[in-house]
Amino acid sequence: MGIIKVENIRVYAYHGCLKEETAIGSDYRIDLKVKADLQKSANSDALSDTVDYVFLNKVVIEEMATPSALLEHVAKRILDRIFAEDKLVTVATVAVSKINPPIGGDVEMVTIELTEKRKS
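Treat the numbers as computed from the prediction; the structure is a model and nothing was measured.

Cut-off values and rules
- Residues numbered from 1 in each chain as written.
- Predicted model: local features only at pLDDT ≥ 70, side-chain atom pairs only at ≥ 80, totals over all residues.
- Heavy atoms only, no water.
- UniProt positions renumbered as here; feature names shortened; annotations may be inferred.
- Helix = DSSP H or I, 4+ residues; strand = E, 2+ residues; numbered from the N terminus.
- Pairing = 2+ DSSP bridges.
- Axes fitted to C-alpha atoms, helices over the stretch in contact; angles between N-to-C directions.
- Contact = heavy atoms within 4.5 Å.
- Expected span 1.5 Å × (residues − 1).
- Buried < 20%, exposed > 50% of the residue type's maximum accessible area, 1.4 Å probe, protein only.
- Patch = residues over 30% accessible without salt bridge, like charges linked within 9 Å, V, L, I, M, F, W, Y side chains within 5 Å.
- Areas by Shrake-Rupley, 256 points an atom, 1.4 Å probe, with all protein chains shown as cover.
- Salt bridge = Lys/Arg side-chain N within 4 Å of Asp/Glu carboxyl O.
- Lys, Arg positive; Asp, Glu negative; His and termini not counted.
- Charge placed at Lys NZ, Arg CZ, Asp CG, Glu CD.
- Polar contact = N/O pair within 3.5 Å; in protein donor to acceptor, adjacent residues only side chain to side chain.

Colleague: Where do I start with the UniProt feature "domain: Dihydroneopterin aldolase/epimerase" (unreviewed entry) in the chain in this structure?
Modeller: In this numbering, the UniProt entry assigns the feature "domain: Dihydroneopterin aldolase/epimerase" (unreviewed entry) to residues 4-116. Taken end to end, residues 4-116 is 35% helix and 35% strand, and its two terminal C-alpha atoms sit 15 Å from one another.

Written as structure tokens, this is what we have:
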């Protein structure tokens, strides 16, 4: 078993419950960690034998482009796509952070983190 991390993916997106959030948008940070059997790719040196981190980044960018009221919802969509489109991934964790959230205080970010395992 091995781990692939794609960290600090930065995007501008339009998530939130407030009308202003979906109109103005915000900066977001996404961190992704997937577990998979990396022994074959470690021996073969072939991209086709591993989880392509370009694919992982693409899924995050595409799903972040679709507005959601809740960060939990966009995080779940990211996980669902990863499991649907890459059969090597056995466990995935995604953290979606809203930078400078509009919550009436000096808060650097709020983060939602979800972890799922592949259903057998």
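Colleague: Just checking my understanding: could you explain the sheet that holds strand β2 (residues 26-36) for this structure?
Modeller: The pairing of strands in a sheet happens through backbone hydrogen bonds and is either parallel or antiparallel. Read across the open sheet, the four strands follow the order β1-β2-β3-β4; overall the sheet is antiparallel. Looking at the sheet topology across the chains shown, the edges are occupied by β1 (2-13) and β4 (109-117). Taken pair by pair, the neighbouring strands of this sheet meet at an average axis angle of 15°, ignoring direction. Direction of pairing for β1 relative to β2: antiparallel, over a ladder of 10 bridges. In the sheet register, Ala13 faces β2, and the bridge partner there is Ser26. Together, β1, β2 and β3 (89-99) form the strand contacts of helix α3 (residues 53-64), whose direction differs from that of β1 by roughly 30°.

Colleague: What should I look at first to understand helix α4 (residues 71-85) in this one?
Modeller: Helical periodicity: at 3.6 residues per turn, an α-helix aligns residues three or four positions apart in one direction. Helix length check: α4 (15 residues) gives 21 Å between terminal C-alpha atoms against 21 Å at 1.5 Å per residue, within 8%. Listed in full, the buried residues belonging to α4 are Leu71, Val74, Ala75, Arg77, Ile78, Leu79, Arg81, Ile82 and Phe83. Residues of α4 that are buried in the fold lie against β2, α3, β3 and β4.

Colleague: Help me understand a positive patch on the surface in this model?
Modeller: A cluster of basic side chains, namely Lys5, Lys33, Lys35 and Lys117, defines a positive patch on the protein surface. By the element assignment, Lys5 lies in strand β1.

Colleague: Whenever I open this one, a nonpolar patch on the surface confuses me. Can you help?
Modeller: Taken together, the side chains of Tyr12, Tyr14 and Ile24 define a hydrophobic patch exposed on the protein surface, amounting to about 320 Å² of accessible area. Here Tyr12 is to be found in strand β1.

Colleague: I'm lost on the environment of Asp49 in this one. Help?
Modeller: Relative to the helices and strands, Asp49 is located in the loop between α2 (39-44) and α3. Overall, the relative accessible area of 15% leaves Asp49 in the buried class. Sequence separation of Asp49 and Leu88 is 39 residues, and the distance between their C-alpha atoms is 8.6 Å. What Asp49 contacts, discounting residues up to four positions off in sequence, is Lys40, Ser41, Ser44 and Leu88. A distance of 2.6 Å separates polar atoms of two side chains, one belonging to Asp49 and the other to Ser44.

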